[in-house]
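# Architecture at a glance
The lines below spell out each chain.
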Amino acid sequence: AVLVMLDLVTAVCIHDKIKHEKPVRAVQQYASPYRRASSANVTASIRIQFDTTTVEQDIGNQVLYQYVKGLLDAAASMLSSAIRVIPIQGNLYVSRDCNYHWVSGQHVNECSSIVVDQTCGPWARVSNSQKDQATVWQFSSGQWKEVTYEQGTGVKDADLLVYVSAHAGDPTCTTSDTALAYSGVCQRDQLDRPVVGYINFCTSTLQNRHSSSPSQSDIMTTVHELTHILGFSRSSFAFFRDENGNPRTPRCPDAASCGPSDTPGYPPFSVDQNNYIVSDSTVQQRQERGLLVSRLVTPTVRYVSQKHYNCNSLVGAELENGGGSGTRLSHWEKRVFMNEYMTGNTYPGSVDIFSSFSLALLQDSGWYEINFDAAKHLKWGYMLGCAFALEKCIQDGKSQTPWCKNSQNDGLVCTYQRDALGYCGLDEYSQDLGASYQYFADPKKGGDDPLPDYCPF
Ligand SMILES: [Zn+2]
C-alpha cells in the first residue's frame, strides 16, 4: 500500500528512451598490465569528475546551479565510498570522435576527418584541452597527407568524466513530467569500462526545487543515473568481463568472422534492437508466469539473490520487463525489488535503498571492486522464499505477503515500507490487463502501477 500524498507523483526513469550511440574507445594509461579490478591488484576509490561548463550556462540561476552541484558531489561521494577501480595513471583523455573512416586502400579503417564540435550526450561540448591526440589521413591530388591533432592537457584525478547539462526544452525530458535527469555512456576504455559519460537534468523538474540543500531523494536519483553510466544498463551488459577479465559475451575477432552488423573486437550487434546482444551467461531469458522473464545471472548477483530471498534455486536477479522501452531491462524488476534504488520508478515519500544487489551487478561487470559494507539493507522480499521471487503475487484468489487484494473500501493495510498504514492500491482499467497480469475475476482490475506487474500493495 502507498501512503496518499498530494502534489507528488511517481517519478519514472527514462534511461532507455534515449538513443544510446555505439560508444567510442578511449584508451587510457594504467599501471601495466591492465586487468579485471579485484583484490589481486591495486585499486583505489573511483574518482568521478564532472564537467559543469554546460550546465552552468544552461541554468544561469546560481541557486539552482549550486543545487545541482550539491547533488553531483553527494552522489559521487556515495559511489566512491563503495566502488574501487584500477586508477587511471596520469590524466584522463577523451578520444576525438571521427566523422569518416577509410573503407579501403592503404589507410583502411583509419580516420579521414575529425569531428570539430564534439559533444558527449546531446548538449555538452568536449573542450580541446580534454581531448587525446589523433591522426587523420587525407587524400588529395593523388597523395596521402597525415594530419596530427595534438593531445590536450586531459582531466586530472579522474577515473570517470561526466559532462553535465540541463538543456531547456530537451525533447527526451519533455516525454516525462517527472524525470529529474537521464544519462548515458560516450566512451569506454580498453577493457570497456565507461570512462566518459553524460547526465542531463530536466529543467522543468529542477525548477520545482526551491531549497538550497539537495533532497535525499534527488541525491538518490543522481546516484541512480550515475549507476546507469557505471554499467547498470542494457547497453552495457554485453561488455561485462568474467573472473579472468575476458568478455562474458564472446566477440568476433576480425571482419571475416563477424556478421554484417558486427564490429571486430565488439559484442555482436542487433540492428533491430539497436543494442549489443548479451550472452545468456550474463542475462538469461525464459518463460515464467506466462511472461518472458530476464534475469541477470552473474555470480555475485546470483549469490546475493539466493541469500536475500532465501531461495537456492534462483539463477539470478530479475530485470524489469514493464514500462515500455523507457525502463525495460535497465532496471531491477519492481515486483521483487520495490524501493531498491535501481528500479524504474520512485513513489512519493519512498526511501531508495542503495543495496548490495546493484553493487553486486557493478562488481560482476569486472570493472570494479566493491566495498559491500557501503550497502543498505533492502527489506522488500527479504527471506520470503522462492514463492515470492518466482511466482505470481496473487494465485487462486490468495495474495502472498506483502501483497494485498482488498480495495480502498476494505480499509487500511501495511505500507510497503511496513512502517505505516495505507490503502491497497487497486485500479479499474479501461481495458483487460494482459493474461499474465490478471489476478482477479474482473480482468480489468489490478494494482495501480504496471511496473510491479500490476501487483497490488
Ligand atoms: Zn533508470
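Since we're looking at a predicted model, the values are computed, not measured.

## Some points on the coordination of the zinc ion
Protein-derived ligands of the zinc ion are Cys-13 (SG), His-224 (NE2), His-228 (NE2) and His-331 (NE2), with the metal-ligand distances lying across 2.0 to 2.1 Å. One chain supplies every donor for the zinc ion, spaced along it as C-x210-H-x3-H-x102-H. Of this pair, His-224 and His-228 are both found in helix H4 (residues 216-230), 4 residues apart, which corresponds to roughly one turn of the helix. We classify His-224 as buried; its relative accessible area is 6%.

## Overview of the side chain of Asp-132
Residue placement: Asp-132 occurs in the loop between strand S9 (124-125) and strand S10 (134-140). Buried and unpaired, Asp-132 has no salt bridge, with Arg-96 as the nearest side chain of opposite charge at 7.0 Å. The contacts of Asp-132, once residues within four sequence positions are left out, are Val-27, Tyr-93, Val-94, Ser-95, Arg-96, Glu-150 and Gln-151.

## Section: the environment of Tyr-67
Along the chain, the position of Tyr-67 falls in helix H2 (residues 62-82). The contact partners of Tyr-67, leaving out residues within four places of it in the chain, are Leu-206, Arg-209, Ser-211, Ser-212, Ser-213, Pro-214, Ser-215 and Asp-218. Here Asp-218 takes part through its side chain, which lies 2.7 Å from a polar atom of the side chain of Tyr-67.

## Quick look at the pattern of salt bridges
Within this structure, the stated rule accounts for 19 salt bridges. Salt-bridge contacts for Asp-192 lead to Arg-241; the nearest nitrogen and oxygen are separated by 2.6 Å. Here Asp-192, found in the loop between strand S13 (181-188) and strand S14 (194-201), pairs with Arg-241, found in the loop between H4 and strand S15 (269-270); they are 49 residues apart in sequence, far enough to count as distant. This pair shows no difference in class: Asp-192 is buried, exactly as Arg-241 is.

## A few points about H4
Its 15 residues give H4 an end-to-end C-alpha distance of 21 Å, which sits within 8% of 21 Å, the value for a rise of 1.5 Å per residue. Residues Asp-218, Ile-219, Met-220, Thr-222, Val-223, His-224, Glu-225, Leu-226, Thr-227, His-228, Ile-229 and Leu-230 constitute the buried set of H4. One or two residues past the end of H4 sits Gly-231, with phi positive at roughly 155 degrees.

## Here we look at the sheet that holds strand S3 (residues 44-45)
Strands sit in the order S3-S5-S21 across an open sheet of 3 strands; the sheet is antiparallel. With partners counted over all chains shown, the strands left at the sheet margins are S3 and strand S21 (369-370), one partner each. Where H2 meets the sheet, it contacts S3, strand S5 (83-85) and S21, and its direction lies at approximately 70 degrees from that of S5.

## Comments concerning the pairing of S10
A regular strand places its side chains on the two faces of the sheet in alternate fashion. Alignment of S10 against strand S11 (residues 143-149), held across 7 bridges, turns out to be antiparallel. When the bridges of S11 are listed, Gln-138 appears paired with Lys-145. Counted between consecutive antiparallel strands, the loop separating S10 from S11 contains 2 residues, among which Ser-141 sits at a positive phi close to 50 degrees.

## Remarks on the UniProt feature "binding site: Zn(2+)" (unreviewed entry) in the protein
Here, the residues flagged by UniProt with the feature "binding site: Zn(2+)" (unreviewed entry) are His-224, His-228 and His-331. A maximum C-alpha distance of 9.8 Å places the annotated residues, which cover 108 residues in sequence, within one compact spot. Aside from chain neighbours lying at most four places away, what touches His-224 is Cys-13, His-331, Tyr-341, Met-342 and Thr-343. Ignoring any residue separated from it by four or fewer positions in sequence, one finds His-228 in contact with Cys-13, His-15, Ser-183, Ser-233, Ser-330, His-331 and Met-342.

## What to know about the nonpolar core
Grouped together as the largest cluster of nonpolar side chains are 89 residues, with contacts concentrated most on Phe-201, Trp-332 and Phe-354. If one sorts the elements of this core by residue count, H2 sits on top with 11 residues. Both domains that meet at this core, namely domain 1 (11-91 + 155-267) and domain 3 (392-457), each give it at least three residues. The next biggest cluster of nonpolar side chains, apart from the first, holds 25 residues, and it includes Tyr-30, Leu-92, Ala-124 and Leu-161.

## Looking at the packing of helix H5 (residues 299-309) against helix H8 (residues 356-364)
Interaxial distance between H5 and H8 falls to 7 Å at its minimum, and their mutual angle equals 160 degrees. One element, H5, and the other, H8, form an angle in the roughly antiparallel class. Between H5 and H8 lies a crossing of right-handed hand. Here H5 contributes Pro-299, Thr-300, Val-301, Val-304, Ser-305, His-308 and Tyr-309 to the contact with H8, which in turn contributes Ser-356, Phe-357, Ala-360, Leu-361, Gln-363 and Asp-364. Partitioned by chemical class, the residues of the contact of H5 with H8 number 7 nonpolar, 5 polar and 1 charged.

## As for the state of the cysteines
On inspection of all chains with the given rule, the structure shows 7 disulfides. Across the disulfide, Cys-120 is cross-linked to Cys-186 (sulfur-sulfur distance 2.0 Å). Because the sign of the S-S torsion sets the handedness, a value of about 100 degrees for the bond joining Cys-120 and Cys-186 places this disulfide among the right-handed ones. Within this pair, whereas Cys-120 is found in strand S8 (residues 119-120), its partner Cys-186 is found in strand S13, the two being separated by 66 residues in sequence. A relative accessible area of 2% places Cys-120 in the buried class. The disulfide partner of Cys-311 is Cys-386, and the S-S distance across this bridge is 2.0 Å. Across the disulfide from Cys-311 to Cys-386, rotation about the S-S bond amounts to roughly 105 degrees, and the bridge is consequently right-handed.

## Let's talk about the UniProt feature "active site" (unreviewed entry) in the protein
Taking the numbering used here, the UniProt-annotated feature "active site" (unreviewed entry) corresponds to Glu-225. Mapped onto the elements, Glu-225 comes out in helix H4. For Glu-225, a relative accessible area of 2% corresponds to the buried category. Residue contacts for Glu-225: discarding those within four places in its chain leaves Cys-13, Ala-181, Tyr-182, Ser-183 and Ile-199.

Procedures and definitions
Residues numbered from 1 in each chain as written. Predicted model: local features only at pLDDT ≥ 70, side-chain atom pairs only at ≥ 80, totals over all residues. Heavy atoms only, no water. Donors = N, O, S within 2.8 Å, 3.2 Å for Na, K, Ca; no water. Helix = DSSP H or I, 4+ residues; strand = E, 2+ residues; numbered from the N terminus. Buried < 20%, exposed > 50% of the residue type's maximum accessible area, 1.4 Å probe, protein only. Lys, Arg positive; Asp, Glu negative; His and termini not counted. Salt bridge = Lys/Arg side-chain N within 4 Å of Asp/Glu carboxyl O. Contact = heavy atoms within 4.5 Å. Polar contact = N/O pair within 3.5 Å; in protein donor to acceptor, adjacent residues only side chain to side chain. Expected span 1.5 Å × (residues − 1). Pairing = 2+ DSSP bridges. Axes fitted to C-alpha atoms, helices over the stretch in contact; angles between N-to-C directions. UniProt positions renumbered as here; feature names shortened; annotations may be inferred. Core = buried A, V, L, I, M, F, W, Y, C linked by side-chain atoms within 4.5 Å. Domains from an automatic or database assignment. Parallel < 35°, antiparallel > 145°, perpendicular 65-115°, else oblique. Left-handed = near helix turned anticlockwise from the far one by under 90°. Nonpolar A, V, L, I, M, F, W, Y, C, P; charged D, E, K, R; others polar. Disulfide = S-S within 2.5 Å.

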